[in-house]
Amino acid sequence: MGHRKPFVAANWKLHGSRSQLEQFTRQCLKGMDEQVDVVLCPSHVHLDFTAVLLNEQKVMKLGAQNVSQHRQGAYTGEVSCEMLVEAGCRYVLVGHSERRRLFGETSFIVAEKFAAARAAGLIPILCLGESGAARQARRTFEVIAEELDIVIEKNGAMAFDNAIIAYEPIWAVGTGKCATPEQAQEVHSFIRGRLAEDTPVIGEKVRIIYGGSVTPTNARDLFAQPDIDGGLIGGASLDDKTFLGIVEAAKGAS
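Bear in mind the structure is a predicted one, so any value in this text is a computation, not a measurement. (Residues numbered from 1 in each chain as written. Predicted model: local features only at pLDDT ≥ 70, side-chain atom pairs only at ≥ 80, totals over all residues. Heavy atoms only, no water.)

Q: Which residues make up the packing of aromatic side chains, and what values do they have?
A: For the structure on display, the rule yields six aromatic pairs. Ring centres of Trp-12 and Phe-24 lie 5.1 Å apart, and the angle between their planes is 75°; this geometry places the pair in the edge-to-face category. On the criterion of sequence distance, the pair formed by Trp-12 in the loop between β1 (7-11) and α1 (18-30) and Phe-24 in helix α1 is long-range, its members being 12 residues apart. Residue Trp-12 is classed as buried on the basis of its relative accessible area of 2%. On the basis of relative accessibility, which here comes to 2%, the residue Phe-24 falls in the buried class. Ring centres 5.6 Å apart and planes at 45° place the aromatic pair Phe-24 and Phe-243 in the tilted group. You can see Phe-24 sitting in helix α1 and its partner Phe-243 sitting in helix α11 (residues 240-253), a full 219 residues away along the chain. (Phe/Tyr/Trp six-rings, centres within 6.5 Å; stacked < 30°, edge-to-face > 60°. Helix = DSSP H or I, 4+ residues; strand = E, 2+ residues; numbered from the N terminus. Buried < 20%, exposed > 50% of the residue type's maximum accessible area, 1.4 Å probe, protein only.)

Dropping the structure here:
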């Protein structure tokens, strides 16, 4: 991890209630300090409520799970970057594998969302990852490069000066199958090298986190890898003790 500050994000997906958020934030805020950047991404419905819970403390920041690439218009059900900023968000996930796989988001749309987030002052967390079939066919690097390059082409490598990248192999998300530390490190190193080809300083500076069945048990070995700077945590983030264990692992690896 080197000199890069650890980063851990909780993606609650289609889970959670006000009472769960109250308990989670109360327990987590008692067990955290500023050694790790921590982000909580609840549902859009709970963003305003969560912003009040987090208030002005400096330990945990608010993020959203998705956003529209459009600023306004006849897009029923969509939420703009400006709306997220107004709700108190600082971060937003773009290109999560479930958005790509289940809702048909293309890499071009993801690149537009990345641009919209940055223009509004949000920090995008760009998600990249290959399917199990792609890995078996030894196409992991090809898929990752395709997803990353279109964002670079639209935004430039310098755009990652204020962005996070999350490598989340689709075959590991929500399956209980975690990439080995060596597998994850190999892809993280490739992503960092791809950015460094264009802008070496960005390749060194950008934080790249891993997502895919992370637990307190495997987190330490994952986060000990030189190019893994933390985690994007799904199901394991719903339990405050489990999530705090992962944050502790990130702290210990820094």
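Q: Which residues make up helix α10 (residues 216-223), and what values do they have?
A: Quick reminder: α-helices carry 3.6 residues per turn. Residues three or four places apart thus point the same way. Along α10, the residues classified as buried are Ala-219, Leu-222 and Phe-223. When α10 is viewed along its axis, its buried side chains cluster within an angular range of 80° and face the same direction. Looking at the buried side of α10, the elements it contacts are α8 (181-198), β7 (207-210), β8 (230-233) and α11. (Arc of directions from axis to C-beta. Contact = heavy atoms within 4.5 Å.)

Q: Describe the UniProt feature "binding site: substrate" (unreviewed entry) in the chain, naming the residues involved and giving the relevant values.
A: Look at the UniProt record and you will see "binding site: substrate" (unreviewed entry) annotated at Asn-11, Trp-12, Lys-13, Gly-174, Ser-213, Gly-234 and Gly-235. Their sequence span is 225 residues, while the largest C-alpha to C-alpha distance among them is just 14.1 Å; these annotated residues converge on one region. One can find Asn-11 in strand β1. Judged by its relative accessible area of 4%, Asn-11 falls in the buried class. (UniProt positions renumbered as here; feature names shortened; annotations may be inferred.)

Q: Any details on the environment of Phe-49? Residues and values, ideally.
A: Mapped onto the elements of the fold, Phe-49 is located in helix α2 (residues 47-54). Distance from Phe-49 to Arg-135, taken between C-alpha atoms, is 40 Å for residues 86 residues apart in sequence. If we skip the residues at most four places from it in the chain, Phe-49 touches Arg-18, Leu-21 and Glu-22.

Q: Please provide a residue-by-residue account of the UniProt feature "active site" (unreviewed entry) in the chain, values included.
A: Mapped onto this numbering, the UniProt entry annotates "active site" (unreviewed entry) at His-96 and Glu-168. These annotated residues cover 73 residues of sequence, but their C-alpha atoms sit close together, with the largest distance between any two at 8.3 Å. Of note, His-96 is situated in the loop between β4 (91-94) and α4 (97-103). Relative accessible area serves as the criterion here: at 5%, His-96 is assigned to the buried category.

Q: So what's going on with the side chain of Lys-251? Which residues, and what values?
A: With respect to the element layout, Lys-251 can be found in helix α11. A residue is classified by how much of its surface remains accessible, and Lys-251, at 18% relative accessible area, is buried. One polar contact links Lys-251 to Glu-248, side chain to side chain, over a distance of 3.0 Å. If sequence neighbours within four positions are ignored, Lys-251 has contacts with Asp-33, Gln-35 and Val-36. (Polar contact = N/O pair within 3.5 Å; in protein donor to acceptor, adjacent residues only side chain to side chain.)

Q: Let's hear about α1: which residues, and what values?
A: The end-to-end C-alpha distance of α1 is 18 Å, a good match for the 18 Å that 13 residues give at a rise of 1.5 Å each. Within α1, burial applies to Leu-21, Phe-24, Thr-25 and Cys-28. Projected down its long axis, α1 shows its buried positions confined to an angular sector of 95°, all on one face. Contacts from the buried residues of α1 go to β2 (37-41), α2, β3 (60-64) and α11. (Expected span 1.5 Å × (residues − 1).)

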